[in-house]
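Each chain, letter by letter, is given below.
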Amino acid sequence: VGNCSSVINLNSDVTVTADTAFSDTIQVRPQQVSVSLRPQESVIVTATVKPSRSHPLDIYYLMDHSLSFDDDLASVQRQLSSLWTAVGNLSSDYQLGYGSFVDKPLSPFVFTDPDEKVLIPSLNGKRPYLFHNTVALTTNFT
């Protein structure tokens, strides 16, 4: 009882050791935390995330143009303007791209008779293909 310097703290503890203000490069606060835990105990460490508007963002939309998704194509086309606006609200430095595919161009996935045209409305009568890059990543959305 005479020497209190050897007393051990029996409580779990969370200490923030680095907490710099948000900036274009710092998007999470706090940046560093020290946690001391007793066995069978838990603590809650709270962090706040504020994405920087200047953080680069690339979105590439890949769509299935096969007949089973033909009705979805019109819906996506109607919503593209809203998508561009939403992405613009997340970042001031973004690029968007678009590509498509039509199943595997092999039997049994698609009809492969070379003398017959496969009529897929979204393809305007073109034959199936594995992948097509329609619009490469770009900042020009007109």
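Provided above is the structure to which this section pertains.
Residues numbered from 1 in each chain as written. Predicted model: local features only at pLDDT ≥ 70, side-chain atom pairs only at ≥ 80, totals over all residues. Heavy atoms only, no water.

A. Seen up close, the overall build of the protein chain. Tallying secondary structure elements over the protein chain gives one helix and seven strands in all. In the protein chain, buried positions account for 19% of the 142 residues. For the protein chain, contacts bridging at least 24 residues in sequence account for 62% of all contacts bridging at least 6. Approximately 10,500 Å² of the protein chain is accessible, and the part contributed by carbon and sulfur atoms is 55%. (Helix = DSSP H or I, 4+ residues; strand = E, 2+ residues; numbered from the N terminus. Buried < 20%, exposed > 50% of the residue type's maximum accessible area, 1.4 Å probe, protein only. Contact = heavy atoms within 4.5 Å. Areas by Shrake-Rupley, 256 points an atom, 1.4 Å probe, with all protein chains shown as cover.)

B. View of the packing of aromatic side chains. The tally for this structure, following the rule as stated, stands at one aromatic pair. For the ring pair Tyr61 and Tyr98, a centre distance of 6.1 Å and an interplane angle of 5° mean the geometry is stacked. Here Tyr61, found in strand E5 (residues 57-64), pairs with Tyr98, found in strand E6 (residues 94-101); they are 37 residues apart in sequence, far enough to count as distant. Over the aromatic face of Phe22 sits the side chain of Arg29, whose NZ or CZ is 5.7 Å from the ring centroid. (Phe/Tyr/Trp six-rings, centres within 6.5 Å; stacked < 30°, edge-to-face > 60°. Lys NZ or Arg CZ within 6 Å of the ring centre and 35° of its normal.)

C. Main features of the sheet that holds E5. Within the open sheet, the three strands sit side by side as E5-E6-E7. Their pairing is mixed. The open sheet is flanked by E5 and strand E7 (132-138), the only strands paired with a single partner. Neighbour-to-neighbour, the strand axes of the sheet open up by a mean angle of 10°, direction not taken into account. (Pairing = 2+ DSSP bridges. Axes fitted to C-alpha atoms, helices over the stretch in contact; angles between N-to-C directions.)

D. Structural context of unusual backbone geometry. Note that the residue after Arg29, namely Pro30, is joined by a cis bond; omega there is -10°. Note on placement: Pro30 falls in the loop between strand E2 (28-29) and strand E3 (32-36). Residues other than glycine seldom take positive phi values, yet Gln40 does so here, at roughly 70°. Relative to the assigned elements, Gln40 resides in the loop between E3 and strand E4 (48-49).

E. Structural context of a nonpolar patch on the surface. Judged by side-chain polarity, Val14, Val35, Leu37, Val43 and Val45 come together as a nonpolar surface patch covering roughly 350 Å² of accessible area. Among the structural elements, Val43 can be located in the loop between E3 and E4. (Patch = residues over 30% accessible without salt bridge, like charges linked within 9 Å, V, L, I, M, F, W, Y side chains within 5 Å. Salt bridge = Lys/Arg side-chain N within 4 Å of Asp/Glu carboxyl O.)

F. Representation of the side chain of Ser91 within the structure. Relative to the helices and strands, Ser91 is located in the loop between helix H1 (70-90) and E6. Take Ser91: its relative accessible area is 2%, and that puts it in the buried class. Only 3.0 Å separates the side chain of Ser91 from the backbone nitrogen of Asp93, close enough to count as a polar contact. Excluding anything up to four places from it in sequence, Ser91 contacts Arg53, Ser54, His55, Pro56 and Leu57. (Polar contact = N/O pair within 3.5 Å; in protein donor to acceptor, adjacent residues only side chain to side chain.)

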